[in-house]
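Below are the chains, spelled out letter by letter.
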Amino acid sequence: MNYANENVEAKLYDGRYKIIRELGRGGFGVTYLASDLKSGNSHCVLKKLNPQLADVTTAKKLFYREAKVLERLQNTHQIPQFIGYFEEQGNLYIVEEYVEGIPLDRMTSSRWSREDIIYFLYQILSILGIIHEQNIVHRDIKPSNIIKRRENGQLVLIDFGAVKQLEQDQLTPHQQKQTHPTLIISRGYSPPEQIEGEVGFHCDIYALGITAIQLMTGKHPVDLLRDKNDNIIFS
């Protein structure tokens, strides 16, 4: 299907959702800002499976995994509230809360203060604590996936399309490498182990640390100087 020629804004999805505009897209899906006509025209996020550039089977697996994980993680306001999912005309959709605010990738041009970095780490580590307690790895921690709520300044972790549920035999470091891994990486943020197919809680901690360094230095991770042992050189 040619999504570029599809007039999505003229349609009503699941009998209630009207698309306002596109928010973003990737290999596995397209994300829209939508209005829920059955809920006072309140705004929400509509994520549509769009595996144009990926394996369809893998994309569907990640889609259902995201829906299942979001449904489980509803005990914090720092994760988008899950509204539901549905299938329509052979297409799959997830509906979740629209978090109004500013993504942190729009706040990286200037260096953050020490106090702001500490508060940032406190908030995101609190979220990761909840996720990791469920043996879930986010796998895509980076500034664009963290939003500062406009109403109260609280940080919200978004985009659970890359989540990985660890099985019991994957909870020890020597058993995390998968024979046929679904490689989901963000250049500069993903640790070398994740690139090699290993998945564990350390992937999120590494990415969080790199994000904090970016906020401290104002430099994108790919622009950071490193020594021969891949250690970051702070100048």
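Computed from a prediction, not measured in an experiment: that's the story for all the values here. (Residues numbered from 1 in each chain as written. Predicted model: local features only at pLDDT ≥ 70, side-chain atom pairs only at ≥ 80, totals over all residues. Heavy atoms only, no water.)

*Asks:* Just to check I follow, could you spell out the overall build of the protein for this structure?
*Replies:* Of regular secondary structure, the protein possesses four helices and eleven strands. Residues classed as buried in the protein amount to 46% of the 235 residues present. Taking all contacts inside the protein whose residues are at least 6 apart in sequence as the whole, residues at least 24 apart take part in 56%. Of the accessible surface of the protein, which amounts to about 12,600 Å², a share of 49% is contributed by carbon and sulfur atoms. (Helix = DSSP H or I, 4+ residues; strand = E, 2+ residues; numbered from the N terminus. Buried < 20%, exposed > 50% of the residue type's maximum accessible area, 1.4 Å probe, protein only. Contact = heavy atoms within 4.5 Å. Areas by Shrake-Rupley, 256 points an atom, 1.4 Å probe, with all protein chains shown as cover.)

*Asks:* Explain the environment of N152 to me, please; I cannot follow it from the model alone.
*Replies:* When you line up the elements, N152 lands in the loop between β9 (146-149) and β10 (155-157). Spatially, the C-alpha atoms of N152 and G101 are 9.5 Å apart, while their sequence positions differ by 51 residues. Here Q154 takes part through its backbone nitrogen, which lies 3.0 Å from a polar atom of the side chain of N152. (Polar contact = N/O pair within 3.5 Å; in protein donor to acceptor, adjacent residues only side chain to side chain.)

*Asks:* Which parts of the structure should I look at to understand the sheet that holds strand β3 (residues 29-36)?
*Replies:* Sheet strands associate in pairs through backbone hydrogen bonding, adopting either a parallel or an antiparallel arrangement. An order of β1-β2-β3-β4-β6-β5 is seen for the six strands of this open sheet, with the pairing classed as antiparallel. The strands lining the two open edges of the sheet, one partner per strand, are β1 (12-13) and β5 (82-88). Helix α1 (residues 56-72) rests against β4 (42-49), β5 and β6 (91-97) of the sheet, and its axis sits at about 25° to β6. (Pairing = 2+ DSSP bridges. Axes fitted to C-alpha atoms, helices over the stretch in contact; angles between N-to-C directions.)

*Asks:* Can you help me understand the pattern of salt bridges in this one?
*Replies:* Side chains that carry opposite charge are capable of pairing whenever their charged atoms lie near each other. Tallying each qualifying case throughout the model produces eight salt bridges. Through salt bridges that share partners, K47, E66 and D159 make up one connected network. (Salt bridge = Lys/Arg side-chain N within 4 Å of Asp/Glu carboxyl O.)

*Asks:* Could you clarify how one ought to interpret the sheet that holds β9 in this entry?
*Replies:* Spatially, three strands are ordered β7-β9-β10 in an open sheet, and the strand pairing comes out antiparallel. Sheet topology places β7 (101-103) and β10 at the edges, where each strand pairs with a single neighbour. Taking each pair of neighbouring strands and ignoring which way they run, the sheet shows an average axis angle of 30°. Looking at chain direction, β7 and β9 are connected through three bridges and run antiparallel. By the bridge assignment for β9, I102 is matched with K148.

*Asks:* Teacher, can you tell me more about the confidence of the model for the protein here?
*Replies:* Predicted coordinates in areas of low pLDDT are best not read in detail. When pLDDT is averaged across the protein, the result is 86; 86% of the residues are at 70 or more. Note that residues 1-5 has pLDDT below 50 and, in this model, ten contacts with residues that lie over four places away or in other chains. (pLDDT = per-residue confidence, 0-100.)

*Asks:* Help me out: how do you make sense of the pairing of β6 in this one?
*Replies:* The side chains of a regular strand alternate between the sheet's two faces. Within β6, seven of the seven residues are buried, which leaves it mostly tucked inside the rest of the structure. Bridge count for β4 against β6 is five bridges, and the pairing is antiparallel. Each residue of the ladder has a partner; that of K48, found in β6, is Y93. Here β5 hands over to β6 after two residues, with Q89 in that stretch at a positive phi of 50°.

*Asks:* What exactly am I supposed to notice about the nonpolar core here?
*Replies:* The tendency in soluble globular proteins is for nonpolar side chains to be buried as a group. Of all hydrophobic cores here, the largest spans 32 residues; its most connected members are F120, I124, I131, L157 and F160. Contributions of two or more residues to this core are made by α1, β6, α2 (114-133), β10 and α4 (201-217). Of all the elements, α2 adds the most residues to this core, at six residues. Once residues within four sequence positions are removed from consideration, I124 is found in contact with I146, L155 and L208. In terms of nonpolar packing, the next biggest core, distinct from the first, is built from twelve residues, V8, A34, L46 and V95 among them. (Core = buried A, V, L, I, M, F, W, Y, C linked by side-chain atoms within 4.5 Å.)

*Asks:* Looking at this structure, how should I read α1?
*Replies:* An α-helical turn contains 3.6 residues, so a residue and the one three or four places further along point in the same direction. Helix length check: α1 (17 residues) gives 25 Å between terminal C-alpha atoms against 24 Å at 1.5 Å per residue, within 8%. Those residues of α1 not exposed but buried are T58, A59, L62, F63, R65, E66, A67, V69 and L70. Considering only its buried residues, α1 is in contact with β4, β5, β6, β8 (136-137) and β11 (164-165). (Expected span 1.5 Å × (residues − 1).)

*Asks:* Can you walk me through the side chain of T31 in this structure?
*Replies:* Its place among the elements puts T31 in strand β3. Not counting chain neighbours up to four residues away, the residues in contact with T31 comprise E22, L23, G24, V45, L46 and K47.

*Asks:* Help me understand α4, please; the structure alone is not making it clear to me.
*Replies:* For α4, spanning 17 residues, the distance from its first C-alpha to its last is 25 Å, which sits close to the expected 24 Å at 1.5 Å a residue. All buried positions along α4 are accounted for by C203, D204, A207, L208, I210, T211, A212, I213, Q214, L215 and T217. Contacts from the buried residues of α4 go to α2, β8 and α3 (192-195). Immediately downstream of α4, the backbone of G218 shows phi near 75°, a positive value.

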